[in-house]
Amino acid sequence: MKRATQRMWLTLGLAFAVTGCATEEELNDFGDQVEAELAAQRGGANPEGDAQQDGRQNRGDRDGRQGDDRQPPPPPGDDGDVERLPPPEDGPDGPDGRQPPPPPAGDDGDDRQPPPPPPGEDPIDEGPIDEGPIDDEGPIDDEDPIDDGDPIDDGDPIDDGPDDFARPLAPSPADNPISADKVELGRLLYWDPILSGDGDVSCATCHHPDFGYADALPLSIGVGGDGVGPNRRGATRAGRNAPTVLNTGLNGWLDEDTLPNPSTAPMFWDVRARSLETQALGPIVNAEEMRGDAYSEEDALDVVVGRLLDNDTYVALFSEVFGGAPEDAVTAENLGKAIAAFERHLSRPNSAFDRWLAGDDRAMTAQQVRGFNTFNRVGCDRCHTGPMFSDYRLRRIGAPNNTGNPTDAGDGDHRYRTASLRNIAETGPYMHGGTFATLGQVFAFYRRPGTQPPPGQGVLPRDLGPVDRLVLGLRFNGQDEADMTAFLRALSDDGVDTARPITVPSGLPVGGNL
């Protein structure tokens, strides 16, 4: 495995360490072990090593593939500094002081380790360590505490400043640093229908944690609807399928060594917005999603900000988080920043695949490993590449429009952003129109040599033009499909924060008419 890849997943491990999955010393020790293994591989008789046999060695490396005519990646944005991943550091005790590896899990007929226990229902009760109301990653296993010199001493209470909490991997813009208080304000706003025209819709309506922070509908039902997920009913539908907000703080992550620029991260199917801060305000002004016909698009944000200013609780919360007089704290810009901070908090990749890539050979089954290799061999990774399994490019692949929005032209040229495959098994239906109900239908589409969708799966856009040839007529059989489906299920994150407020400051039903 390339050292850059090792550093990337060690950084993921550092993110897990602050959420209670591992200590920093253990991860430093893991870095030592990785370096020793790499040295042994370089000096051994078989420099290829066993890792190549399961595909980890070639993760994301497609320079030698014939017929790959991908365009060079776009230049990085110039409106913000990027954040470099830190290199692994040597542990304080050197290679001879490493902790012994944990014993293997019991053999119950499944070659995977048992998943970690789900987070507790009460994310605030963490015992004597007061980490603020957003730390819902479950209790830290202190059965064998390690004295690593960290000021957070197991069992001793600490004084948390506003920025001292379990941070996500996703970087924040310089003008919107993440903090526990800001995340909790964003959580309230995310669930409060006060942001919608008629007070019946919230962000959570279409991006609900019960459905992988999507809604399990082909086209979302916004204003005037009732119910949640696939049971929601209503006449007004959005024009496209609702993508998950999980890991959107990492949108645009292409380089294993460099985290994405949060100020230029591509958002929406047509990349009409850049950054979570901009994306968060989009649905508030959209007639089908949240605004309705209560006021004009031009007036939407002013009306919503006025409502927040009239609410004493929100005025106090905004003033505490952003400072200044109420009219300076409660603004549309800060509204977007608070919601973006909450969504960025949900960017915590922690799937079986991540643990397997970091060296846990039991994290994925043999079929899932086989599916990962098949995924690369077939060519799926031409577009679904990099740490997030997306190149984030706009592509014309001939996916059908939903009959509820037959004239959808994407970015204007029938192109749509490559979707990330993270949590894909939890967030169907698929494609921009939600026209494929199952992964099996998606595979059937990619196997077809032409651009016609399977019968009954929506309509092709008119004047489609040339279709990206990389996605046509992929060759794989039924066993390959089964293996790749198993692999895609290994991309679902464990321990996702699904906490929701009991009440919201507006006094409206939490989440709206769910």
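Not measured: the values here are computed from a predicted model.

Procedures and definitions
- Residues numbered from 1 in each chain as written.
- Predicted model: local features only at pLDDT ≥ 70, side-chain atom pairs only at ≥ 80, totals over all residues.
- Heavy atoms only, no water.
- Helix = DSSP H or I, 4+ residues; strand = E, 2+ residues; numbered from the N terminus.
- Buried < 20%, exposed > 50% of the residue type's maximum accessible area, 1.4 Å probe, protein only.
- Contact = heavy atoms within 4.5 Å.
- Areas by Shrake-Rupley, 256 points an atom, 1.4 Å probe, with all protein chains shown as cover.
- Disulfide = S-S within 2.5 Å.
- Salt bridge = Lys/Arg side-chain N within 4 Å of Asp/Glu carboxyl O.
- Phe/Tyr/Trp six-rings, centres within 6.5 Å; stacked < 30°, edge-to-face > 60°.
- Axes fitted to C-alpha atoms, helices over the stretch in contact; angles between N-to-C directions.
- Parallel < 35°, antiparallel > 145°, perpendicular 65-115°, else oblique.
- Left-handed = near helix turned anticlockwise from the far one by under 90°.
- Nonpolar A, V, L, I, M, F, W, Y, C, P; charged D, E, K, R; others polar.
- Patch = residues over 30% accessible without salt bridge, like charges linked within 9 Å, V, L, I, M, F, W, Y side chains within 5 Å.
- Lys, Arg positive; Asp, Glu negative; His and termini not counted.
- Charge placed at Lys NZ, Arg CZ, Asp CG, Glu CD.
- Arc of directions from axis to C-beta.
- Expected span 1.5 Å × (residues − 1).
- pLDDT = per-residue confidence, 0-100.

**Examining the overall build of the protein chain**
So, point 1. When its secondary structure is counted, the protein chain shows 15 helices and four strands.
So, point 2. Counting all 514 residues of the protein chain, 51% fall into the buried class.
So, point 3. Across the protein chain, the fraction of contacts at a sequence separation of at least 24, relative to all contacts at a separation of at least 6, is 71%.
So, point 4. Carbon and sulfur atoms form 49% of the exposed surface of the protein chain, whose accessible area is close to 23500 Å².

**Considerations on the state of the cysteines**
So, point 1. Scanning the entire structure with this criterion turns up zero disulfides.
So, point 2. Considering cysteine sulfurs only, Cys203 is the nearest to Cys206, which forms no disulfide, with 9.1 Å between them.
So, point 3. Cys380 supplies the cysteine sulfur nearest to Cys383, a cysteine that is in no disulfide, at a spacing of 9.1 Å.

**Let's talk about the pattern of salt bridges**
Two side chains of opposite charge can pair, provided their charged atoms sit close to one another.
So, point 1. The full count for this structure, using the stated rule, is 17 salt bridges.
So, point 2. Across the salt bridge formed by Lys337 and Asp175, the nearest N and O atoms sit 4.0 Å from each other. Of the two residues, Lys337 is situated in helix α11 (residues 332-345) and Asp175 in the loop between α2 (24-43) and α3 (180-191); the sequence distance between them amounts to 162 residues.
So, point 3. We note a salt bridge from Asp497 to Arg187, for which the minimum N-O separation is 2.9 Å. Note that Asp497 is positioned in the segment after α15 (478-489) and Arg187 in helix α3, a separation of 310 residues in sequence. For the pair Asp497 and Arg187, one class covers both residues: buried.
So, point 4. Where salt bridges share partners, they join Arg240, Asp270, Arg272 and Asp408 into one cluster.

**Topic: the packing of aromatic side chains**
So, point 1. Overall, the coordinates contain 17 aromatic pairs when judged by the stated rule.
So, point 2. Between Tyr314 and Phe318 the ring centres are 6.4 Å apart and the planes differ by 65 degrees, which places this aromatic pair in the edge-to-face class. One end of the pair, Tyr314, and the other, Phe318, are both in helix α9 (residues 312-322), four residues apart, so they sit about a helical turn from each other. For the pair shown, Tyr314 and Phe318 are each scored as buried.
So, point 3. Aromatic ring contacts, followed pair by pair, group Phe353, Trp356, Phe372, Phe375, Phe389 and Phe487 into a single cluster.

**Points about the environment of Gly336**
So, point 1. Assignment of secondary structure puts Gly336 in helix α11.
So, point 2. Residues Gly336 and Glu277 lie 59 residues apart in sequence; the distance between their C-alpha atoms is 4.8 Å.
So, point 3. Beyond its immediate stretch of four places on either side in the chain, Gly336 contacts Glu277, Ala280 and Leu281.

**What about the packing of helix α14 (residues 439-447) against α15?**
So, point 1. Between α14 and α15, whose axes approach to 11 Å, the crossing angle comes to 125 degrees. Considered as vectors, α14 and α15 are oriented oblique to each other. The crossing of α14 and α15 is right-handed. Across the interface between the two elements, Leu439, Gly440, Phe443 and Arg447 of α14 pack against Glu481, Met484, Thr485 and Leu488 of α15.
So, point 2. For the contact of α14 with α15, the per-class residue count stands at four nonpolar, two polar and two charged.

**Details of the packing of α3 against α11**
The geometry of a pair of packed helices is captured by two quantities: the angle between their axes and the separation between those axes.
So, point 1. For the pair α3 and α11, the least separation of the axes is 7 Å and the interaxial angle reads 100 degrees. One element, α3, and the other, α11, form an angle in the roughly perpendicular class. Contact residues: α3 offers Lys182, Val183, Leu185, Gly186, Arg187, Leu189 and Tyr190, while α11 offers Leu335, Lys337, Ala338, Ile339, Ala341, Phe342, Glu343 and His345.
So, point 2. Of the residues belonging to the contact of α3 with α11, the class tally is nine nonpolar, two polar and four charged.

**Points about unusual backbone geometry**
So, point 1. Of note, the bond from Gly428 into Pro429 is cis; its omega dihedral lies within 30 degrees of zero at 0 degrees.
So, point 2. The backbone phi angle of Asn423 is positive, close to 60 degrees, even though this residue is not glycine.
So, point 3. Relative to the elements of secondary structure, Asn423 occurs in the loop between β4 (416-417) and α14.
So, point 4. For Asn423, a relative accessible area of 2% gives the class buried.

**A word on a negative patch on the surface**
So, point 1. On the surface, a cluster of negative charge is made up of Glu297, Glu298, Asp299 and Asp302.
So, point 2. Checked against the element boundaries, Glu297 lands in the loop between α7 (287-291) and α8 (300-309).

**Quick word on α8**
So, point 1. Among the residues of α8, those classed as buried are Ala300, Val304, Val305 and Leu308. The buried residues of α8 occupy an angular sector of 120 degrees when projected down its axis, which confines them to one face.
So, point 2. In this fold, the buried residues of α8 make contact with α3, α6 (282-285), α7, α9 and α11.

**Examining α11**
So, point 1. Compared with an ideal rise of 1.5 Å per residue, which puts 14 residues at 20 Å, α11 spans 20 Å between its outermost C-alpha atoms and is within 8% of the ideal.
So, point 2. Of all 14 residues making up α11, 12 are buried, and the element is well covered by its neighbours.

**Focus: the confidence of the model for the protein chain**
So, point 1. Residues at a pLDDT of 70 or more form 66% of the protein chain, whose mean pLDDT is 78.
So, point 2. Every residue in residues 1-28 is under pLDDT 50, and counting partners more than four places away or in other chains gives 69 contacts.
So, point 3. Taken together, the stretch residues 37-52 has pLDDT below 50 and engages in 10 contacts with residues farther than four places along the chain or on a different chain.

**Considerations on the environment of Pro505**
So, point 1. With respect to the helices and strands, the residue Pro505 is situated in the segment after α15.
So, point 2. In this structure the C-alpha to C-alpha distance between Pro505 and Leu188, which are 317 residues apart in sequence, comes to 7.7 Å.
So, point 3. With sequence-adjacent residues up to four places away left out, Pro505 is seen in contact with Leu188, Asp192, Asn311, Thr313 and Tyr314.

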